[in-house]
Amino acid sequence: MQDYLDDLESRSIYILREAYNRIKPLGMLWSIGKDSTALLWLIRKAFFGRIPFPMIQLDTQMELPEVYEFRDMLIKKWGFEFHAEMCPPEEEMDQTLPPATRAASRKTQGLKNLITRDKYKGIIVGIRRDEQAMRAKERVFSPRSFDGAWDYKDQPAEFWDQYKTEFPEGTHVRIHPILHWREIDIWRYTLRENIPYVPLYLAKNGLRYRSLGEKNITTPIQSNASTLEEIIAELETTKASERAGRTMDHDSEDSFERLRRSGYM
Amino acid sequence: MSDQAQKLGVVIVGHVDHGKSTLIGRLLHDTGSFMEGKLEELKAVCARRNVEFEWSFLLDAFQAERDQAITIDTTQIWFKTKKRNYVIIDAPGHREFLKNMVSGAAFADAAILVVDAKEGVREQTKRHAYLLHLLGLQQITVVINKMDMVGYAEERFKELSKEITAYLKGIGVTPHSIIPIAARHGDNIAHKADKAMPWFKGLTLLETLDVFEPIAAPVDRPLRFPVQDVYRYDEIRYIAGRVEAGKIRKGDVLTFSPSNRTAKVVSIEKWGSKHDILSAQAGESIGVTLDQPIFVARGDIASLSDKAPVLVNAFRANVFWLGKKPLKVGSHYKIKLSTYEATVTVQSIDRVISTDDLSRVEKDSVDINEMAEITFHSRELLALDPYQENAKLGRIVIVENHDVVGGGIISSEGLHDMRHVLHRTQDNLHAVDHLLAPAARAVRNGHRGAVIWLTGLSGAGKSTLAMRVEHALFSRGIQTYVLDGDNVRKGLCSDLSFTAEARTENIRRVGEVAALMADAGLVAITAFISPFRSDRRRARDAGGQAFHEIYVKADLQTCEKRDPKGLYKKARKGEIKEFTGISSPYEPPEAPELVVDTTTHGIDACVEMITEYIIKTIRGDLRQNVSSLAGKVSA
């Protein structure tokens, strides 16, 4: 009997196999957070234990130490191709952006550098529709222009599990295999499948991280959820939004939109 | 746990400004689904901009949308009732955004069609309703919104109900219900509007949604397992894909279409599974290993042999067109059918549907946002199902220049299953058992049929020899005919250009026609340069035993000196591109049945050699055949 997590999983596997068959070369942005680590697990499911393309971290060297620790542990444990892409410093960013948004845009630039240099045609990203209103508008296969820009007003038609897999030269596609998952689904799946995760998500002294970003632009939330079961119970009743602890989302009403249009994840 | 229950996808459609976004905002509010941060964020924005808060602002996440006050793209929004989870797919009302509406509506289990009580049924109301029907949505409820603007009048509600019911009936849709609402005030959404509309006795919108069911995976249909990819890891070959219909079991004998090859399922694979998997059903992404190393590739459809999909090279589809360039008769498109991709030609536009009054419009093209019945033709055999029998294999998307430009659902009308043709080819060994076996024709004609395939450079003498040999054979009572560029290009291949692809197709057709002629008992002589081994190999495959390759040999120098049509001269000047021997290669036969060298032998000698070879081949051993066949034929 298929339960709803099986359905979510099967759909993600289908998308990953489409991407691997149609788009080459392919890479995945692994942020080391709960979503992209669950996605990494789904990749192993899709390819019978293999991870057939590289995992890339857009590294600002501003992640919390526990994140780096977890990263190195998992690479060793699962053994996959990994590359840390160093992002350019904040001084090089658009100075008209609000401060936290500017810090976040370092990753956008790091990604552009990566794609220009390594000529990736497809980049797998673990974003979800329920995270943020902008992301709710995403396609599963989302084409980007040469400079990474996202034209959300003219997106390709996407229906019946048929995705846009052909592109003119100079463009690439973002692939979003867990777009249809919710935050609570990720945790239920992580619990069921026993997927490793960064311990910072669990509450310590009444605080936990609900969403992990760089240490300069992320704050923990008040919570006593110190096990996955408790996190799930918390999410069943919460009305606070997931990215409440991400300061860049709240700089101004359109800062996340500006980030995404110019190529942010 | 209620939160674990299946979620229901609901698409909200209707004419622009009939209140879809307000309805969604209200639904979220009345189900307590507002994220705390979100409401504050929006109220802060409104305060800053000095505008009154509107429910629809919730959806207008983009700056651009707030400016234009229309919903640009499909948004998905979650809420839950006591019964289960919902995801709302907000589809924009503007006509040019049909593409986004389809992208959203295709994921829905049920639909809400919003009609403005004051404005009534408008053009997009009808268009969207028709599209819901085309997308196969069965669970539809109609809400008559803004009842407050018509004084909550029962008369107006009845009048509109009648109008919309009549239209929906015309397209074969029966709505589950029609509900009078006022989204702005929450009337009949979560709460019964007993005060405002005491005359309404039906269910509220939320009660109605709770009655609908998620579309179940087609587990009870015949097995369809389209191959998505084939992986080889550690010497194991995994056939990867998702079961789209029915069930697959360990030990099943699978038939792969269109190749018609079969193999048995040795194992069903899912990484991390702790036990042996005995079966998998519709909706599961799996891998399969087989007992035979048969060739399997992406796009093949595995089924059980007694319930295989049809194999066709023509089909009719109900199409919605999203392309900026109109669809035209004779145009070629790429289609995607499950994991298979094929090139199809538009054979005819049978009907363009006016969604306004559902009348038939006579047109020879289909413009953007129009819907039509189209007959497509393909070169290769396509494995598919009518949409009514199996949605997943009964629909196509149409691709032009990297973009999806349309979608269509396949009609059950006019599907001619060609699978038996494959069977017959494979059963060729038993051809003698057929009533009219080739040998029977041979007895009547006094010779067998044959394909005499002349190949060689331009100027080697193929056409001259072909005509002379035809004459020689005819005079000896042999049924014969020459196929050459002149008579083939006039009709059979008049649609073909001279590109590399078209030349290959030209040779393929000649090979097929020659094979048919040989099957009918004729000696078909072909005179084409046919420079590529792969093309000739295909002709040999078509002709089978009856095929004889004759290499008309002459060196390039001699041919260029002869130059009967002046073609070499033009080619040297660059006026003809890709001319065999000059700017394109000639691949000589590796094992022809006969070689005649026209540089060392005169034309008469060559005619003699070929004629002698043919007669020996088509008449040799015929007497034995005659005596063994005589009994059968007369009996």
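Since we're looking at a predicted model, the values are computed, not measured.

Chemist: Quick one: what's the story with the pairing of strand 8 (residues 236-242) of chain B, residue by residue and with numbers?
Modeler: Residues and elements named next belong to chain B. Counted residue by residue, strand 8 has six buried out of seven residues, so it is predominantly covered. Count of turn residues in the strand 7 (residues 225-233)/strand 8 antiparallel hairpin: two residues, of which D234 carries a positive phi of about 50°. Here strand 8 pairs with strand 13 (residues 285-290) via four bridges, running antiparallel. Looking at strand 13, one finds that A240 is bridged to G287.

Chemist: Can you break down the sheet that holds strand 8 of chain B residue by residue, with the values?
Modeler: If you trace the six strands once around the closed barrel, you get 7-8-13-11-10-14 (chain B), paired in antiparallel fashion. With direction set aside, neighbouring strand axes in the sheet form an average angle of 50°. Against the sheet, helix 1 (residues 4-22) of chain A makes contact with strand 7, strand 8 and strand 13 of chain B, and its axis sits at roughly 65° relative to strand 7 of chain B, the strand it touches most.

Chemist: I'd like to hear about helix 4 (residues 99-118) of chain A, residue by residue, with values.
Modeler: Taking 1.5 Å of rise per residue, the 20 residues of helix 4 of chain A would be expected to cover 28 Å, and the 30 Å separating its terminal C-alpha atoms lies within 8% of that figure. Count one or two residues on from helix 4 of chain A and you reach A:K119, which has phi positive near 55°.

Chemist: Can you explain the sheet that holds strand 3 (residues 82-86) of chain A? Please cite residues and give values.
Modeler: Residues and elements named next belong to chain A. A sheet is described by the order of its strands in space; here six strands give the open sequence 3-2-1-4-6-5, paired in mixed fashion. Because the sheet does not close on itself, it has two edges, and the strands there are strand 3 and strand 5 (141-144). Each strand of the sheet is rotated relative to its neighbour by a mean of 30°, with strand direction disregarded. Sheet topology note: the strand 5/strand 6 (residues 172-175) ladder contains four bridges and is antiparallel. Along strand 6, the bridge assignment pairs F141 with I175. In the packing of helix 1 onto the sheet, the strands contacted are strand 1 (26-29), strand 4 (122-124), strand 5 and strand 6, and the crossing angle to strand 5 comes to about 40°. The sheet contacts of helix 3 (residues 65-78) involve strand 2 (55-59) and strand 3, and relative to strand 2 the element is tilted by about 165°.

Chemist: Tell me about the pattern of salt bridges, and please be specific about residues and values.
Modeler: Think of it this way: side chains of opposite charge can pair up when their charged atoms draw near. According to the stated counting rule, one finds 54 salt bridges over all chains in the structure shown. Notably, a salt bridge pairs B:K270 with B:E284, separated by 2.7 Å at the nearest N-O pair. One end of the pair, B:K270, is in the loop between strand 11 (261-269) and strand 12 (279-281); the other, B:E284, is in the loop between strand 12 and strand 13, and 14 residues separate them in sequence. Its relative accessible area of 29% is what places B:K270 among the partly exposed residues. Two residues, B:R540 and B:E549, come together in a salt bridge whose shortest N-O distance is 3.3 Å. Bridged by salt links that share partners, the residues A:D3, A:D6, A:E9, A:K45, A:R192 and A:E193 form one connected network.

Chemist: Pulling in residues and values, what's your account of empty space enclosed by the protein?
Modeler: For the coordinates displayed, the defined rule picks out six cavities of 30 Å³ or more. One number sums up the size of the largest cavity: a volume of about 460 Å³. Around the largest cavity, the lining comprises 28 residues; the ones closest to its centre are A:S31, A:K107, A:R135, A:L212 and A:R246. The set of elements that each furnish at least two residues to the lining of the largest cavity consists of helix 2 (34-46) and strand 2 of chain A. Considering only residue class, the lining of the largest cavity consists of 11 nonpolar, seven polar and 10 charged. Quantified by volume, the second largest cavity comes out at close to 100 Å³. In terms of lining residues, the second largest cavity is bounded by A:Y14, A:W160, A:D161, A:Q162, B:E244, B:K336, B:S338, B:K392, B:R395, B:I396 and B:V397. Examining the composition of the lining of the second largest cavity, we find that three residues originate from one element, strand 22 (residues 395-400) of chain B, more than from any other. Split by residue class, the lining of the second largest cavity holds four nonpolar, two polar and five charged.

Chemist: Give a detailed account of the environment of B:G32, specifying residues and quantitative values.
Modeler: All names here are of chain B. Looking at the element boundaries, G32 is found in the loop between helix 1 (20-30) and helix 2 (36-49). Classification of G32 as partly exposed rests on a relative accessible area of 35%. Measuring from C-alpha to C-alpha, the distance between G32 and A314 comes to 52 Å, with 282 residues separating the pair along the chain.

Chemist: Outline the environment of B:V45, listing residues and values.
Modeler: All names here are of chain B. Inspection of the secondary structure assignment puts V45 in helix 2. With a relative accessible area of 6%, V45 lands in the buried category. Distance in space between the C-alpha atoms of V45 and V288 is 54 Å, their sequence separation being 243 residues.

Chemist: Describe the packing of helix 2 of chain A against helix 5 (residues 183-193) of chain A, with residues and values.
Modeler: Residue and element names in this part refer to chain A. At their nearest, the axes of helix 2 and helix 5 sit 10 Å apart, and the two run at 55° to each other. As far as their axial angle goes, helix 5 and helix 2 are oblique. Relative to helix 5, helix 2 is oriented so that their crossing is left-handed. Contact residues: K34, D35, A38, W41, L42 and K45 in helix 2; E183, I186, W187, Y189, T190 and E193 in helix 5. A class-by-class count of the residues in the contact of helix 2 with helix 5 yields six nonpolar, one polar and five charged.

Chemist: Summarise the packing of aromatic side chains; cite the residues concerned and give the values.
Modeler: Counting across every chain of the model gives 28 aromatic pairs over all chains. With 4.0 Å between their ring centres and 10° between their planes, A:F48 and B:Y238 make a pair best called stacked. With A:F48 in the loop between helix 2 and strand 2 and B:Y238 in strand 8, the pair connects residues from two separate chains. Pairing A:W187 with A:Y197 gives two aromatic rings, centres 5.7 Å apart and planes at 90°, and the pair type is edge-to-face. On the criterion of sequence distance, the pair formed by A:W187 in helix 5 and A:Y197 in the loop between helix 5 and strand 7 (207-208) is long-range, its members being 10 residues apart. A connected cluster of aromatic rings, assembled from ring pairs, spans A:Y20, A:F47, A:F48, A:F53, B:Y231, B:Y233 and B:Y238. In this arrangement the basic side chain of B:R242 is found over the ring face of A:Y14, its NZ or CZ atom lying 3.9 Å from the centre. Looking at B:R489, its charged tip hangs above the ring of B:F498, at a distance of 4.0 Å from the centre.

Chemist: I'd like a description of unusual backbone geometry, backed by residues and values.
Modeler: Cis peptide bonds are those with omega within 30 degrees of zero, and the linkage from A:K24 to A:P25 qualifies with -5°. Inspection of the secondary structure puts A:P25 in the loop between helix 1 and strand 1. For the bond running from B:S257 to B:P258, omega is 5°, close enough to zero to count as cis. For B:P258, the location among the structural elements is in the loop between strand 10 (253-257) and strand 11. With a phi close to 50°, A:F48 is a non-glycine residue in the positive phi region. The phi torsion at B:D17 lies on the positive side, around 70°, for a residue other than glycine. Overall, B:D17 belongs to the exposed group, its relative accessible area being 56%.

Chemist: Help me get a handle on the pairing of strand 15 (residues 310-321) of chain B, residues and values and all.
Modeler: Residue and element names in this part refer to chain B. Where strand 15 lies against strand 21 (residues 371-384), 10 bridges are found, and the strand directions are antiparallel. Residue pairing across strands places L311 opposite A383, the latter belonging to strand 21. Sheet topology note: the strand 15/strand 23 (residues 403-410) ladder contains five bridges and is antiparallel. Across the sheet, residue A317 finds its bridge partner in strand 23, namely I410.

Calculation rules
Residues numbered from 1 in each chain as written. Chains lettered and ligands numbered in written order. Predicted model: local features only at pLDDT ≥ 70, side-chain atom pairs only at ≥ 80, totals over all residues. Heavy atoms only, no water. Buried < 20%, exposed > 50% of the residue type's maximum accessible area, 1.4 Å probe, protein only. Helix = DSSP H or I, 4+ residues; strand = E, 2+ residues; numbered from the N terminus. Pairing = 2+ DSSP bridges. Axes fitted to C-alpha atoms, helices over the stretch in contact; angles between N-to-C directions. Contact = heavy atoms within 4.5 Å. Expected span 1.5 Å × (residues − 1). Salt bridge = Lys/Arg side-chain N within 4 Å of Asp/Glu carboxyl O. 1 Å grid on protein atoms, 1.4 Å probe; cavity = no way out; pocket = protein on both sides within 12 Å on 5 of 7 lines; lining within 4 Å. Points joined across faces, edges and corners; volume = space filled by probe spheres on them. Nonpolar A, V, L, I, M, F, W, Y, C, P; charged D, E, K, R; others polar. Parallel < 35°, antiparallel > 145°, perpendicular 65-115°, else oblique. Left-handed = near helix turned anticlockwise from the far one by under 90°. Phe/Tyr/Trp six-rings, centres within 6.5 Å; stacked < 30°, edge-to-face > 60°. Lys NZ or Arg CZ within 6 Å of the ring centre and 35° of its normal.

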